[in-house]
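Descriptive structure summary
Listed below, chain by chain, are the residues.
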Amino acid sequence: MGSAESANVALRPDELARIAERLGRAPTTVELHAFDAQWSEHCSYKSSRHHLKKLPTNGESVILGPAEDSGILHIGDFNGERYGVVIAHESHNHPSQVVPFEGAATGIGGIVRDVLCMGAEVIAVADPLRFGRIEDAQSHQRYVAQGAVDGISAYGNAIGVPNIAGDVYFDERFDDNCLVNVVAMGIVKESEIIHSYAPKGAHGWDIVLVGKATDPSGFGGASFSSLTLDAADEASNKGAVQVPDPFLKNVLMRASYRVFGYLRERNLTVGYKDLGAGGIMGCSAEICSAGGYGASIDLDKVNLAVEGLKPEVIAVGETQERLIWVLPPEITADVLRIYNEEFTLPQIAYNARAVVIGTVTDEPRYVLRHRGETVMDVDIEFLTGSIRDELPYAEPQAPHAADERPLVTGVQLDELLERVLAHRDVCSREPLYRRYDSVVRGCTVVPRGAGDAGVLAPVPGSTLGVALAVAGNPRIAKLDPRLAAEHAVYEAVRGVVAVGGRPVGLTDCLNFGNPRKPEHLGEFVAALDGLAHAATAFATPYVSGNVSLYNESAGGSAVPASPIVACVGAFDDVAHVVTMSLKAAGSVLYFIGRPQAALGGSVLLDVLGRHEARVPRIDYDLALAQHALVREAARVNLLRSAHKLGNGGLVVALCEMAFPTLRRGHKPVGVQIDEPWQWTHGAVGDLEALFAETGGFVVEVAAADVDAFEGLADDVEGIWEIGVTTDQPVIAVDDEAFDLHRLHGVWSAPLREVYP
Amino acid sequence: MNKRIAVLVFPGTNSEEETLRLLRACGGDAHLVHWSNAKLLPKFDAYVLPGGFAYEDRIRAGAIAAHDEMMDYVIEGAGAGKLVYGICNGAQILLEAGLVPGTGDVRRPSAAFTRNGPVPHFICTHVHVKLAIDPQRSPITRGLQRDALVPAWAAHGEGRLAATPEELARLEAGGHVAFVYAHPDGSVDASATPNQSALGCAALVNREGNVLAMMPHPERDGWTYNHPDRRGGNAILAPSGGAIMFRSFVQAVNA
């Protein structure tokens, strides 16, 4: 028998009482740890699940909504097969704050398994990152920002999955709680999807554990991530972080691909699932219960890295690089041979292997045995069923009143532009992402930095393309969580459209503070409203996601509301892709958007040290019409380049389009734009025209194509001819010209110090 | 009948599929051979060692893999004149195995592809490599023009050629530096080299010309869709760019 205190679990007294009542006895130590994991926020979504129901999850493109380890979106057909993109999104925030390299690396490792276990080939990862202030080279924040990137790089590069999208923001509100979100994407034929449940007729089938030998690492990981971080507990927290092994994972993935082929040849339906939170217990219980079965597991069969592990550690510990198969016994030997002999798992890592650990049962019980004793025996639905915490929440406070003072900066435009370009949210990300392999697998069309979304040609021999973009702006979130959520969707969708893709669906990772504080839960609820509203408007359903709460330190400081969104796009013919680099002098530049006198959340105001509550609004009907125009113009090859407006607004977008032309072997292409107030017809001031972050795009159209483009754009509002491209290496606004090389230097430098 | 090419998969290799795909698109009869099937290797006519992190790059990239059983067969085949082409991690393995420059004892490397400079970090960046030998010097480069420029991706943490000054002088004098990093216009200076590799070296060739070890990946720039800013028209699925390197190799194998 165990007690909650001696077992060091996070279950609350009322939850413990409920368990004892249901069991009709005191729970064993193993059972305590099992419920601790299953009923943690991380696994159960107990305080968030009912709010998540607001999100739209259905649509034409949805092959599999948010029910299993990953969602699946239809991206197109080839040779009579429907192809799906498998997508999953997760956070590894707490571990990354404590041990950034391992924490971030295991984030990539875990999300990749979520995609792999759907029967998919893993084709890409992405990494939305939020770090604290990195100016001090000796600070923990700098260490976190460097270590997390190195961990993502080391893991993703080694397994051979390209990192094609991501973003990074730096803010003091992330000093004590970084956010390391990870997205993974796979490709699968609809006819070959493998589900995360024991299929029909699986009674008596084998439960096969495959991967790394179980060790004591990652014990208590699920409940660790469902508590606030306390620096004093750092030492014990470190033990809850798992240890990554990308070398083993590389082999495990390839061996699994071989097993997929074996199953296809025999047209067999089986179950496959990643071990994440709750370890062997969580995975085996869920894969069996989801099929309506029970499970009986013999913990003595588990391959261990060290002898003498307690049964609760074997059952619930979160050793990385493991998955579970549910297989008909007649093929088990063949599958074991693929892993253990053909791919030699036991020689790749100590005692790694595939091994039968139990049986799928008819009885709805979850039973664990250890050294001949039954150490757990519970109703499997009680263990894996949903639990719910109805917590009170408060509406977020109304943002500060608008600052009506006129925007007189007293700063010259050139200095302002340089300060905005050097801002930590704007400056070049290349020093960071050049550490990621964004071209391995040879399918990359648009690598990191070349467009607003990463683009792949994922099906060899077909013209199908897939795009991936991520977004989530903490500067807006600090002002208005709901609008921040809407902008996250709008920006991710816009990123996909800017490369010419058709947005097909979304994933979200919701990073918030302590749900037991009404104001934090209120932010969560408000953000969900925004996520639901924007996704409905864009007809882009959510097919997977993750909730990360308790991003709060013991001192009570929490992250700003951080709804982070990834958008998947599709191309029937990836030849229609558009990159952001300007192509030639003599083109006409258009702004497609909606000028607004709303600088709230802009980098400009941050640079000027001002606060202003008016966050740009999104006109969804207008945005939809503009997105259709950009995609059609891309499809008929009228766009030489395109770039979304994001951090820093229009003038930064123009700089980012011109900078790539400074590379050796290219002709520099500059920009001449008209006086901003002219093209906005006085609707907004100069600074607002240049720096407001209102969304929209800049596109480059060859002079010869202007008539065709304007013909397409005839019925669409908000298309503004703003200037031309030139053969001078300058960004010229009316009669002021700023040297492109100098601006490029200012923009390139800041992150080089952190990521040399 | 076409000659058969083995694409070797060590534990940790990660670029085998795209390497295989482009070899086949360029007319090669290529097949993957995994480490547990090493004994199949003598039946093949040529070997390609793709990129990755064989044996986790323990000790030094390629150092452990050079002692894998598969390399026994590659060393034997190279000695018998079979063509061997290593890319990235494959290049590191060939150097650690002593097959390039091939002037000393087997598995006693005289140089190394080691940690990048000036900072010892992995970098992923598009590059061009320029043929620095007479195309006729190696069968593998015979299909290329003199001074040919091959677009490719450098994606490695250990790609800097390092050796004693005497050894570097021997490599240069012996015509072992097969490719150097270059700017897109073909000009060559130190700033074209992304990793401070000695002599700007991007690839080494052995004395006989049948073993080529190249750090950057032409196969990642091997299709029109890999270079969306450079392609003409809409032919998105044709081998192009870095494929000239694979074509030249396959031609040499099938010759």
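Remember, it's a predicted structure, so these values are computed and weren't measured experimentally.

1. What to know about the interface of chain B and chain A
Contact with chain B, which involves 39 residues of that partner, is made by 46 residues of chain A. Of the roughly 3400 Å² buried between chain B and chain A, counting both surfaces, carbon and sulfur atoms make up 56%. Sorting the residues of chain B by area buried against chain A places Trp35, Phe122 and Tyr225 of chain B first, and these three jointly supply 15% of that buried surface. Counting across the interface, chain B meets chain A through four salt bridges. Residue Lys583 of chain A pairs with Asp229 of chain B through a salt bridge whose shortest N-O separation is 3.6 Å. For the side of chain B that touches chain A, the secondary-structure elements that each account for two or more residues are helix H1 (16-25), strand S6 (123-131) and strand S7 (149-156) of chain B. The leading source of residues in the side of chain B that touches chain A is H1 of chain B, at three residues. Grouping the constituent residues of the side of chain B that touches chain A by class yields 16 nonpolar, twelve polar and eleven charged.

2. Let's talk about the confidence of the model for chain B
Scored by pLDDT, chain B has a mean of 95; 98% of the residues are at 70 or more. Taken together, the chains of this predicted complex give a pTM of 0.96 and an interface ipTM of 0.97.

3. Some thoughts on the pairing of strand S1 (residues 4-9) of chain B
Side chains on a regular strand alternate between the two faces of the sheet. Residues and elements named next belong to chain B. Burial within S1 is extensive, with five of its six residues counted as buried. Strand direction decides the pairing type here: S1 and strand S2 (residues 29-34), joined by six bridges, are parallel. Counted as the bridge partner of Leu8 is Val33 from S2. For the segment spanning S1, H1 and S2, crossover handedness is right-handed. Pairing of S1 with strand S3 (residues 46-49), which is carried by three bridges, proceeds in the parallel orientation. Across the sheet, Val7 pairs through a bridge with Val48, a residue of S3.

4. With respect to the side chain of Ser587 of chain A
Residues and elements named next belong to chain A. Summarising the element assignment, Ser587 is placed in the loop between strand S19 (562-571) and strand S20 (588-592). In this structure the side chain of Ser587 is engaged in a polar contact, spanning 3.2 Å, whose partner is the backbone oxygen of Ala584. With residues near it in sequence (within four places) discarded, Ser587 still touches Arg640, Glu700, Val701, Ala702, Ala703, Gly723, Val724 and Thr725.

5. Side note on helix H24 (residues 649-658) of chain A
Taking burial as the measure, the ten residues of H24 of chain A include ten buried ones, the bulk of the element. Those residues of H24 of chain A that fall on the buried side of the exposure criterion are Gly649, Leu650, Val651, Val652, Ala653, Leu654, Cys655, Glu656, Met657 and Ala658 of chain A.

Cut-offs applied
Residues numbered from 1 in each chain as written. Chains lettered and ligands numbered in written order. Predicted model: local features only at pLDDT ≥ 70, side-chain atom pairs only at ≥ 80, totals over all residues. Heavy atoms only, no water. Contact = heavy atoms within 4.5 Å. Buried area = accessible area lost by both parts, 1.4 Å probe. Salt bridge = Lys/Arg side-chain N within 4 Å of Asp/Glu carboxyl O. Helix = DSSP H or I, 4+ residues; strand = E, 2+ residues; numbered from the N terminus. Nonpolar A, V, L, I, M, F, W, Y, C, P; charged D, E, K, R; others polar. pLDDT = per-residue confidence, 0-100. Buried < 20%, exposed > 50% of the residue type's maximum accessible area, 1.4 Å probe, protein only. Pairing = 2+ DSSP bridges. Right-handed = clockwise from strand over helix to strand, strands pointing away. Polar contact = N/O pair within 3.5 Å; in protein donor to acceptor, adjacent residues only side chain to side chain.

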